[in-house]
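Tertiary structure, described
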Amino acid sequence: MPGYELFDERERKEVAEVMETGVLMRYGFKGVRAGRWKAKEMEDAIRERAGVKHALLLADGTAALTTALAALGVGGGDEVIMPTFTFVASFESIMAAGAIPILADVDDTLCLAPEAVLKAITPRTKVVMPVHMCGVAADMDALREICESRGLFLVEDVCQAFGASYKGTFLGGLGNVGCYSFDFNKIVTCGEGGAVVTNDEELYKRADMYHDHGHDHGHDDRGAEGHPFPGYNYRVSELHAAVGCAQISKLDGFVTRSRQSKKYFKDALAELPDLTFRRLPDPEGDCGTFLCFFMPDESRARAAASALKEAGAEGVFHWYDNNWHYVRNWRHFKERHFANPVASSLLTAMPDYSKADFSASDRWMSRCVSISIKLGWTEEEAAAKAQIAVKAVKSAL
Ligand SMILES: *Cc1c(COP(=O)(O)O)cnc(C)c1O
């Protein structure tokens, strides 16, 4: 999956161009930067790919989520609905904005279950934040309809699905705001990087200011700029943006390759009885980074993951046992072990997750196994690996 598998002279050339001038900052230094604006260039490319009016490149995907919430004016006392299967960055970014993370179950799409969202809504709910996990869109028709009818903001976490679409729309452009990650393990990588996209100009301006200490970016002289409100430093560097410029130009190739390789695995595993695949709300839009399937029960899922690993497969996940992506092992969060005291108003308002019942999520997650599709594989390698995978999974059924 990760774009670093296919680094070549293009990334090196882009980085070298930045080092020729030595201007590593995205703002200012006009006289000495020889017309090179890598962050701006990548923002243009993101806007074009996503078909949105505004894109802000910043330090990472977690910063993108926090910035999106801050720009929406979401914070103290507000509830944000997020799924139980995601990366820890979801609750981290919500808490960083001062808001209350409200966890809701996932279904066989491995994304937010619309009926779980409906149950989680309260008068304090401001945002629904679906996470398009493992390269595939959530059930966006249902989630959009909920947000529209209840007057809630829709923030898409597209950190794992840059390149995927839903019924023809590039993910990130379906809600009020979309957030991407270009960290080292994502399909398009900057090393570290993220982006906020939106069609709302006012929202973009607020995000732009928030991610850079409140700078209104209205001057050539940074020192003379105004600061309508304080922000933070979530800026990206030109070096990171340069890597991203090369990577984003390869996106179509990445997606084609991933989908091709994934098809070998899916076709091969489809022949096994008692195994079912994750439901894809829009199969056409899948960017192909993972194949996810359900074994008949938890013990056979664990056995399949072990057999795959023993057969030499890399990137095999039984998410139920994973420390970072599923609520079951988020002990630090559930038992409230925070680095520094969290505002008591937030602690009081937050549900007691040590007692929460996520058995509806467990039902899917305990049986789910995912295989990560590598970009570096040739077609022959993918075909051969798919055959090895089938044998391993079969042994566990
Ligand atoms: C990677 C990821 C993030 C965070 O992105 P970073 O760039 O690593 O901060 C957020 N959400 C999901 C679902 C992710 O996979």
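Residues numbered from 1 in each chain as written. Predicted model: local features only at pLDDT ≥ 70, side-chain atom pairs only at ≥ 80, totals over all residues. Heavy atoms only, no water.

Concerning the overall build of the chain
Of the regular secondary structure elements, the chain holds 14 helices and 13 strands. Taking 2.2 N^0.38 as the reference for a compact globule, 397 residues should give roughly 21 Å; the C-alpha atoms of the chain span a radius of gyration of 21 Å, in line with that estimate. Taking the principal axes of its C-alpha atoms as reference, the chain extends roughly 65 × 55 × 40 Å. When each of the 397 residues of the chain is scored for burial, the buried share is 55%. Nonlocal contacts in the chain, meaning residues at least 24 apart in sequence, comprise 67% of its contacts between residues at least 6 apart. Total accessible area on the chain stands at roughly 16,400 Å², and carbon and sulfur atoms take up 51% of it. Taking the average place of the 45 positive charges on the side chains of the chain and the average place of its 56 negative ones, the gap between the two points comes to 2 Å. (Helix = DSSP H or I, 4+ residues; strand = E, 2+ residues; numbered from the N terminus. Rg over C-alpha atoms; globule rule 2.2 N^0.38 Å. Buried < 20%, exposed > 50% of the residue type's maximum accessible area, 1.4 Å probe, protein only. Contact = heavy atoms within 4.5 Å. Areas by Shrake-Rupley, 256 points an atom, 1.4 Å probe, with all protein chains shown as cover. Lys, Arg positive; Asp, Glu negative; His and termini not counted. Charge placed at Lys NZ, Arg CZ, Asp CG, Glu CD.)

As for the packing of aromatic side chains
Inspection of the entire model under this criterion finds 21 aromatic pairs. Ring geometry for tyrosine 180 and phenylalanine 182: centres 6.3 Å apart, planes at 40°, overall tilted. Accessibility assignment for this pair places tyrosine 180 and phenylalanine 182 in one class, buried. Ring centres of phenylalanine 317 and tryptophan 319 lie 4.4 Å apart, and the angle between their planes is 0°; on these two criteria the pair is classed as stacked. In this structure tryptophan 319 comes out as buried when scored by relative accessible area, which is 2%. Every member of this aromatic cluster is reached through a ring pair, and the members are Phe91, Trp330, Phe333, Tyr353 and Phe358. Over the ring of tryptophan 37 we find arginine 33; its NZ or CZ atom is 3.9 Å from the centre of that ring. (Phe/Tyr/Trp six-rings, centres within 6.5 Å; stacked < 30°, edge-to-face > 60°. Lys NZ or Arg CZ within 6 Å of the ring centre and 35° of its normal.)

Some points on the site of the ligand
Near the ligand lie 14 residues; those nearest to it are Gly61, Thr62, Ser181, Asp183 and Lys186. Separating an oxygen atom of the ligand from a side-chain N or O atom of aspartate 60 is a distance of 3.4 Å. Within the contact set of the ligand, an oxygen atom lies 2.7 Å away from a backbone nitrogen or oxygen of glycine 61. Protein burial of the ligand: of its 380 Å² of free accessible surface, 94% is covered by the chains. (Near = heavy atom within 4 Å. Polar contact = N/O pair within 3.5 Å; in protein donor to acceptor, adjacent residues only side chain to side chain.)

Notes on the side chain of glutamine 160
Positionally, glutamine 160 belongs in the loop between strand E5 (153-157) and strand E6 (165-166). Here cysteine 134 takes part through its backbone nitrogen, which lies 2.9 Å from a polar atom of the side chain of glutamine 160. Ignoring sequence-local partners within four residues, the contact set of glutamine 160 consists of His132, Met133, Cys134, Gly135, Lys186, Thr289 and His325.

Some thoughts on the domain arrangement of the chain
Partitioning the chain into domains gives domain 1 (3-250) and domain 2 (252-396). Spacing between the C-alpha centres of domain 1 and domain 2 amounts to 23 Å. Facing 45 residues of domain 1, the contacting portion of domain 2 comprises 41 residues. Taken together, both faces of the contact between domain 1 and domain 2 bury some 3,800 Å²; the carbon and sulfur share is 67%. For the interface between domain 1 and domain 2, the tally reads 3 salt bridges. Among the salt bridges present, the one from arginine 279 reaches aspartate 107, with a minimum N-O distance of 3.5 Å. There are 20 residue pairs in polar contact (both at pLDDT 80 or more) connecting domain 1 and domain 2. The residue inventory of the side of domain 1 that touches domain 2, partitioned by class, reads 26 nonpolar, 11 polar and 8 charged. (Domains from an automatic or database assignment. Buried area = accessible area lost by both parts, 1.4 Å probe. Salt bridge = Lys/Arg side-chain N within 4 Å of Asp/Glu carboxyl O. Nonpolar A, V, L, I, M, F, W, Y, C, P; charged D, E, K, R; others polar.)

A few points about the packing of helix H1 (residues 9-21) against helix H8 (residues 238-248)
One way to put it is that H1 packs onto H8 with a least axis distance of 8 Å and a crossing angle of 150°. Considering their axes alone, H1 and H8 lie roughly antiparallel with respect to each other. The two elements H1 and H8 cross, and the hand of that crossing is right-handed. Contacts between H1 and H8 pair Arg10, Glu11, Glu14, Val15, Val18 and Met19 from the former with Glu238, Leu239, Ala242, Val243, Cys245, Ala246 and Gln247 from the latter. Here the contact of H1 with H8 is composed, by residue class, of 8 nonpolar, 1 polar and 4 charged. (Axes fitted to C-alpha atoms, helices over the stretch in contact; angles between N-to-C directions. Parallel < 35°, antiparallel > 145°, perpendicular 65-115°, else oblique. Left-handed = near helix turned anticlockwise from the far one by under 90°.)

Points about the nonpolar core
Membership of the largest hydrophobic core comes to 104 residues, with the highest contact counts inside it found for Met42, Ile46, Leu57, Phe85, Phe162, Tyr180 and Phe182. The biggest single contributor to this core is helix H3 (residues 61-71), with 7 residues. Shared between two domains, this core takes at least three residues from each, and those domains are domain 1 (3-250) and domain 2 (252-396). Not counting the four nearest positions on each side in its chain, leucine 57 is found in contact with Arg26, Ala39, Met42, Glu43, Ile46, Phe182, Gly194, Ala195, His211, Val236 and Ala241. Core analysis: the next-biggest nonpolar cluster, separate from the first, contains 25 residues, Ala268, Met295, Ala305 and Ala389 among them. (Core = buried A, V, L, I, M, F, W, Y, C linked by side-chain atoms within 4.5 Å.)

Regarding the sheet that holds strand E10 (residues 276-277)
The 4 strands are arranged E10-E11-E13-E12 in an open sheet whose pairing can be described as antiparallel. Only two strands of the sheet have a single neighbouring strand rather than two, namely E10 and strand E12 (316-317). Where strand E11 (residues 290-294) and strand E13 (residues 368-372) come together, 5 bridges link them in antiparallel fashion. By the bridge assignment, cysteine 292 is partnered in E13 with serine 370. Contacts from helix H9 (residues 251-269) reach E10, E11 and E13, with the element oriented near 20° to E11. (Pairing = 2+ DSSP bridges.)

Remarks on helix H6 (residues 140-150)
Among the residues of H6, those classed as buried are Met140, Leu143, Ile146 and Cys147. Down the axis of H6, the sector holding all buried residues measures 130°, keeping them to one side. Where H6 is buried, its residues touch helix H5 (114-120), strand E4 (125-128), E5 and E6. Once H6 finishes, glycine 151 follows within two positions and takes phi at roughly 65°, a positive value. (Arc of directions from axis to C-beta.)

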